[in-house]
Amino acid sequence: MSVPGCQHAWCHSSPVLSLSKAVGLLDVDVYGPSVPKMMNLKGNPELSQNNLMRPLLNYGIACMSMGFLIEETAPVVWRGLMVMSAIEKLLRQVDWGPLDYLVVDTPPGTGDVQLSISQNIPISGAVIVSTPQDIALVDAHKGAEMFRKVHVPVLGLIQNMSVFQCPKCKHRTHIFGADGARRLAQTLDLDILGDIPLHLNIRETSDTGQPIVFSQPESDEAKAYLRIAAEVVKRLPPPLK
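About the cut-offs
- Residues numbered from 1 in each chain as written.
- Predicted model: local features only at pLDDT ≥ 70, side-chain atom pairs only at ≥ 80, totals over all residues.
- Heavy atoms only, no water.
- Axes fitted to C-alpha atoms, helices over the stretch in contact; angles between N-to-C directions.
- Helix = DSSP H or I, 4+ residues; strand = E, 2+ residues; numbered from the N terminus.
- Parallel < 35°, antiparallel > 145°, perpendicular 65-115°, else oblique.
- Left-handed = near helix turned anticlockwise from the far one by under 90°.
- Contact = heavy atoms within 4.5 Å.
- Nonpolar A, V, L, I, M, F, W, Y, C, P; charged D, E, K, R; others polar.
- Salt bridge = Lys/Arg side-chain N within 4 Å of Asp/Glu carboxyl O.
- Expected span 1.5 Å × (residues − 1).
- Buried < 20%, exposed > 50% of the residue type's maximum accessible area, 1.4 Å probe, protein only.
- Arc of directions from axis to C-beta.
- Pairing = 2+ DSSP bridges.

Peer 1: I'd like a rundown of the packing of helix H2 (residues 80-92) against helix H3 (residues 112-120), residues and numbers included.
Peer 2: Helix packing geometry: the angle between the two helix axes and the distance between the axes. Look at H2 against H3: their axes get within 10 Å of each other, and the N-to-C directions meet at 40°. Judged by the inter-axis angle, H2 sits oblique to H3. The handedness of the crossing between H2 and H3 comes out as right-handed. Across from Val-83, Met-84, Ile-87, Glu-88, Leu-91 and Arg-92 in H2, the residues of H3 making contact are Asp-112, Val-113, Ser-116, Ile-117 and Asn-120. When its residues are assigned to classes, the contact of H2 with H3 shows 6 nonpolar, 2 polar and 3 charged.

Peer 1: Any details on the environment of Ala-22? Residues and values, ideally.
Peer 2: As for its placement among the helices and strands, Ala-22 is situated in strand E2 (residues 21-27). Residues Ala-22 and Pro-153, 131 residues apart in the sequence, show an inter-C-alpha distance of 22 Å.

Peer 1: So what's going on with the pattern of salt bridges? Residues and values would help.
Peer 2: Counted under the stated rule, the structure contains 7 salt bridges. In this structure, Arg-203 engages Asp-207 in a salt bridge whose closest nitrogen and oxygen atoms are separated by 3.2 Å. Placement of the pair is Arg-203 and Asp-207 together in helix H6 (residues 200-207), with a separation of 4 residues, close to one helical turn. Among the charged side chains, a network of salt bridges with common partners joins Asp-191, Glu-231, Lys-234 and Arg-235.

Peer 1: So, helix H8 (residues 220-235): which residues are in play, and what are the values?
Peer 2: Relative to the 22 Å expected for 16 residues at 1.5 Å per residue, H8 spans 23 Å between its end C-alpha atoms, a close match to the ideal helical length. Those residues of H8 that fall on the buried side of the exposure criterion are Glu-221, Ala-222, Ala-224, Ile-228 and Val-232. For H8, the angular spread of the buried residues around the axis is 155°, confining them to a single face. Structural note: H8 exposes Asp-220, Arg-227 and Lys-234 on the side pointing more than 90 degrees away from its buried face.

Peer 1: I'd like to hear about the side chain of Ser-118, residue by residue, with values.
Peer 2: Mapped onto the elements, Ser-118 comes out in helix H3. Residue class for Ser-118 comes out buried when judged on its relative accessible area of 14%.

Peer 1: Could you give me a rundown of the packing of helix H4 (residues 134-149) against helix H5 (residues 180-188), with the residues and numbers involved?
Peer 2: Look at H4 against H5: their axes get within 11 Å of each other, and the N-to-C directions meet at 30°. Taken as axis vectors, H4 and H5 run roughly parallel relative to one another. In this structure, H4 meets H5 at a crossing whose hand is right-handed. Residues Leu-137, Ala-140, His-141, Ala-144, Glu-145 and Arg-148 of H4 form the contact with H5, whose participating residues are Gly-180, Ala-181, Leu-184, Thr-187 and Leu-188. Of the residues that constitute the contact of H4 with H5, the class distribution is 6 nonpolar, 3 polar and 2 charged.

Peer 1: Before we move on, could you go through the side chain of Ser-130 and cite the residues and values that matter?
Peer 2: With respect to the helices, strands and loops of the structure, Ser-130 is situated in strand E6 (residues 126-130). A relative accessible area of 5% means that Ser-130 is categorised as buried.

Peer 1: An account of the environment of Gly-194 is requested, with residue identities and associated values reported.
Peer 2: By the element assignment, Gly-194 lies in strand E9 (residues 192-198). For Gly-194, a relative accessible area of 15% puts it in the buried group. The residues contacting Gly-194, other than those within four sequence positions of it, are Leu-157, Ile-158, Gln-159 and Ile-228.

Peer 1: So what's going on with the pairing of strand E7 (residues 154-165)? Which residues, and what values?
Peer 2: Sheet topology note: the E6/E7 ladder contains 5 bridges and is parallel. By the bridge assignment, Val-129 is partnered in E7 with Ile-158. In this sheet, E9 lies alongside E7 in parallel orientation, the contact comprising 5 bridges. Bridge pairing in E9 places Phe-164 opposite Leu-198. Judged from the 2 bridges that link them, E7 and strand E8 (residues 172-173) form a sheet pairing that is antiparallel. Following the sheet pairing, Phe-164 is matched in E8 by Thr-173.

Quick look at the structure:
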């Protein structure tokens with residue numbers, strides 16, 4: 001989800017993306033936060049003079065996550081009301097500074113987190129990410145319909161792990177099926193924003209906290225992400241001045 005003109009977001013002026021927009025990344029997966037590891041960040045946020053949490057910064061990106069507030073291996077054993085309280089804190093008690101875009105990484109499904117966010121902050125659009133197999137597409141379909149019911153525009157679908165290419169013989173295999181997300185997009189009258197391949201480089205750079213668009217910007221895998229980012233921005237209204 002992305003909120004243009006929101007005063008919550010991260011600052012990004014990377015030459016890799018040829019952008020000079022202030023953008024924030026908010027991880028609201030309370031039970032399984034992944035942004036700290038994928039962005040190579042750890043530690044507790046500092047507090048501003050207004051007693052607001054300051055995002056952690058890496059690669060020119062300001063990030064906030066539940067993972068910064070708990071021990072890395074500590075399980076979050078909370079009921080729904082406690083989760084909603086944590087989400088409210090992440091939404092309202094972070095000093096992002098002025099932003100153009102806030103990207104919100106939500107957990108899978110159509111639960112309390114997605115509903116709470118859609119009711120508490122203005123959202124310009126949602127992006128549905130799914131692998132191509134039928135069992136995943138069922139959930140993707142539900143997710144798209146949920147956002148439509150709460151009047152959040154669905155900008156399109158991303159087909160993740162779309163194809164595997166053998167690094168030795170270059171044979172391409174659709175491990176999770178071919179073009180399942182494309183068929184769902186046609187059913188829902190949505191655009192496909194792009195395909196992300198199943199590739200070792202993506203897994204390795206994610207696990208080591210070195211996003212592939214920064215660590216290997218000229219790779220085909222990085223270019224796939226950059227094309228998707230451009231497609232998302234094209235479908236969003238311009239940031240508020």
